[in-house]
Amino acid sequence: MVHNFNSGPSVLPKEVFAQASQAILDFNNSGLSILEIGHRTPLFQAVVDEAMTTARELMKLDSDHEILFLHGGASTQFFQVPMNILDEKETAAYLDCGIWGTKAIKEAQLFGKVDVTASSADRNYTYIPRDLNILPTAKYFHYTTNNTVEGTQHHSLPDTKVPLIADMSSDILSRVMDFNRFDLIYAGAQKNIGAAGVNLVIVKKDILGRVSRKLPSMMDYRKHIEAGSLLNTPPVFAVYVCMLTLRWLKQNGGIPAMEKLNDQKAALLYDTIDNTPLFRPTVAKEDRSKMNVTFTIDRAELEKEFLALCKENGMVGIKGYRTVGGFRASLYNALPLESVKVLTDLIKDFGNKKA
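Residues numbered from 1 in each chain as written. Predicted model: local features only at pLDDT ≥ 70, side-chain atom pairs only at ≥ 80, totals over all residues. Heavy atoms only, no water.

**A closer look at the packing of helix 7 (residues 254–274) against helix 9 (residues 337–354)**
The cut-off we apply is this: All axes are obtained by fitting lines to C-alpha atoms, using only the stretch in contact for helices, and the reported angles, taken between N-to-C directions, cover 0 to 180 degrees. A run of H or I in DSSP counts as a helix once it spans at least four residues, and a run of E counts as a strand once it spans at least two, with each numbered from the N terminus. Angular relationships are summarised with four words: roughly parallel below 35 degrees, roughly antiparallel beyond 145, roughly perpendicular across 65 to 115, and oblique for the angles in between. Pairs of residues are marked as contacts when any of their non-hydrogen atoms sit within 4.5 Å. Ten residues, namely Ala, Val, Leu, Ile, Met, Phe, Trp, Tyr, Cys and Pro, are considered nonpolar, four, namely Asp, Glu, Lys and Arg, are considered charged, and the remaining ones, Gly among them, are considered polar.
Following both chains from N to C, one finds helix 7 and helix 9 inclined at 5°, their axes separated by 9 Å at the closest point. One element, helix 7, and the other, helix 9, form an angle in the roughly parallel class. From helix 7, Leu 261, Gln 264, Lys 265, Leu 268, Leu 269, Thr 272 and Ile 273 reach across to helix 9, where they touch Leu 337, Val 340, Lys 341, Leu 343, Thr 344, Ile 347 and Lys 348. Of the residues contributing to the contact of helix 7 with helix 9, the split by class is 8 nonpolar, 3 polar and 3 charged.

In structure tokens:
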């Protein structure tokens, strides 16, 4: 058995694999593959409709928020957000808490002014700053809810009256929260929503249409809203996998059930790391991510041996991000608790033998 701890593209439910595989051969008994159906046909419209309806239901979104499935990953949104919302002479507030926040800041600076409200770079992004000092005149405040690379996560919403925008790529749908509190949410699908190649965007309609610049049609959220995410040929298969994953999530208790399971997985792994010789977590305890657990080993010469042992035991994706090193285990919604137990047993056995 393979235990998939990859950070993305990552683990998906087995039911989704089975249904998606069948759809490649014959989609809904149409005699056509999902890979070859027309995107403007009733066959695919039903897919888009179910995906949007299910996402709205799971997130309890009000009618002021629109749901879009767009090309590109979250990195596209780093520039699409300010292009649509930030004028050249206006200022947006950004939080610098990791590699993806840093990239978002760089892109936003192409379209307007950026005020970095706080940064955790002074301690290698191993904590979440508490004093944000968000400018009351800021056009919006942008932050990354969960830092996939560094292993930190915000466990409460920022206290601000300016429009709130979040990159939720690595923890969307993993915990209960007030999604209506946000003016714009974006998330690459390949962690908790589905397959790589599509981006989920939730946008409050009244934040749009206020910039003076002319927008290319494909970059204008309003055009995509008008076209129901069918402004051009969408990533059909990726959207279909999103629909299947959202359906699976709904059938398995929705976000509250996922949060309960994710709490169990994270608690088990962190408790094991905290109490096993040699191993230690890398981030502040109060800011630990429940999606991406980052940790190291005190004796660097044992790192390769531990990774080799993980591989021998069917565990993939344990190696830390290339710029950080160490280890990382991603605990997304579809990862079963059993996989975490296999990893924790290995950690305890290895740590006790090598201590």
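**Points about unusual backbone geometry**
With the exception of glycine, most residues fall at negative phi, and the peptide bonds are largely trans. Which entries qualify depends on this criterion: Each residue is placed in one exposure class: buried if its accessible area under a 1.4 Å probe, protein chains only, is under 20% of its type's maximum, exposed if it is over 50%, and partly exposed if it falls in between.
Between Gly 8 and the following residue, Pro 9, the backbone shows a cis peptide bond with an omega angle of -5°. Within the secondary structure layout, Pro 9 lies in the loop between strand 1 (3–4) and helix 1 (14–25). In the Ramachandran plot, Asn 133 falls in the positive-phi region, its phi being about 50° despite a non-glycine side chain. Following the sequence through the fold, Asn 133 ends up in the loop between strand 4 (113–119) and strand 5 (141–144). Accessibility expressed as a relative area gives 65% for Asn 133, which makes it exposed. The backbone phi angle of Ser 229 is positive, close to 65°, even though this residue is not glycine. For Ser 229, the position within the fold is in the loop between helix 5 (221–226) and helix 6 (236–251). On the basis of relative accessibility, which here comes to 7%, the residue Ser 229 falls in the buried class.

**Looking at the nonpolar core**
Worth spelling out the cut-off: We call a set of buried Ala, Val, Leu, Ile, Met, Phe, Trp, Tyr and Cys residues a nonpolar core when their side-chain atoms join them within 4.5 Å.
Counting 88 residues, the largest nonpolar core has Phe 69, Phe 279, Phe 306 and Ile 318 as its most contacted members. A total of 11 residues in this core trace back to one element, the largest contributor, which is helix 6. Those residues within four positions of Phe 306 in sequence are excluded, and the remaining contacts are Phe 279, Phe 295, Ile 318, Phe 327, Leu 343, Leu 346, Ile 347 and Phe 350. By size, the runner-up hydrophobic cluster in this structure holds 22 residues, among which are Leu 68, Leu 86, Val 114 and Val 201.

**Considering the packing of helix 3 (residues 74–85) against helix 4 (residues 99–108)**
Which entries qualify depends on this criterion: Take the far helix as the reference: if the near one is turned anticlockwise from it by less than a right angle, the crossing is left-handed, and if turned clockwise, right-handed.
At their nearest, the axes of helix 3 and helix 4 sit 8 Å apart, and the two run at 40° to each other. The angle between the axes of helix 3 and helix 4 places the two elements in the oblique class. Both helix 3 and helix 4 take part in a crossing whose hand is right-handed. The residues of helix 4 that touch helix 3, namely those facing Ser 75, Phe 78, Phe 79 and Pro 82, are Trp 100, Lys 103, Ala 104, Glu 107 and Ala 108. Taken together, the residues of the contact of helix 3 with helix 4 break down into 6 nonpolar, 1 polar and 2 charged.

**Describing the side chain of Gln 77**
Mapped onto the elements, Gln 77 comes out in helix 3. A residue is classified by how much of its surface remains accessible, and Gln 77, at 0% relative accessible area, is buried. Discounting chain neighbours no more than four positions away, the residues touching Gln 77 are Leu 70, Pro 82, Tyr 186, Asn 199, Val 201 and Tyr 221.

**Regarding a nonpolar patch on the surface**
Note the threshold: By definition, no residue in a patch forms a salt bridge, and every one has over 30% relative accessible area; like charges are joined within 9 Å, nonpolar side chains (Val, Leu, Ile, Met, Phe, Trp, Tyr) within 5 Å. For every accessible area listed, the method is Shrake-Rupley and the probe measures 1.4 Å; residues are considered covered only by the protein chains on display. We define a salt bridge as a side-chain nitrogen of Lys or Arg found within 4 Å of a carboxyl oxygen belonging to Asp or Glu.
On the surface, a nonpolar cluster with roughly 310 Å² of combined accessible area is contributed by Ile 24, Leu 25 and Leu 35. As for its placement among the helices and strands, Leu 25 is situated in helix 1. Judged by its relative accessible area of 65%, Leu 25 is exposed.

Function cannot be inferred from these measures alone, as they are strictly geometric.
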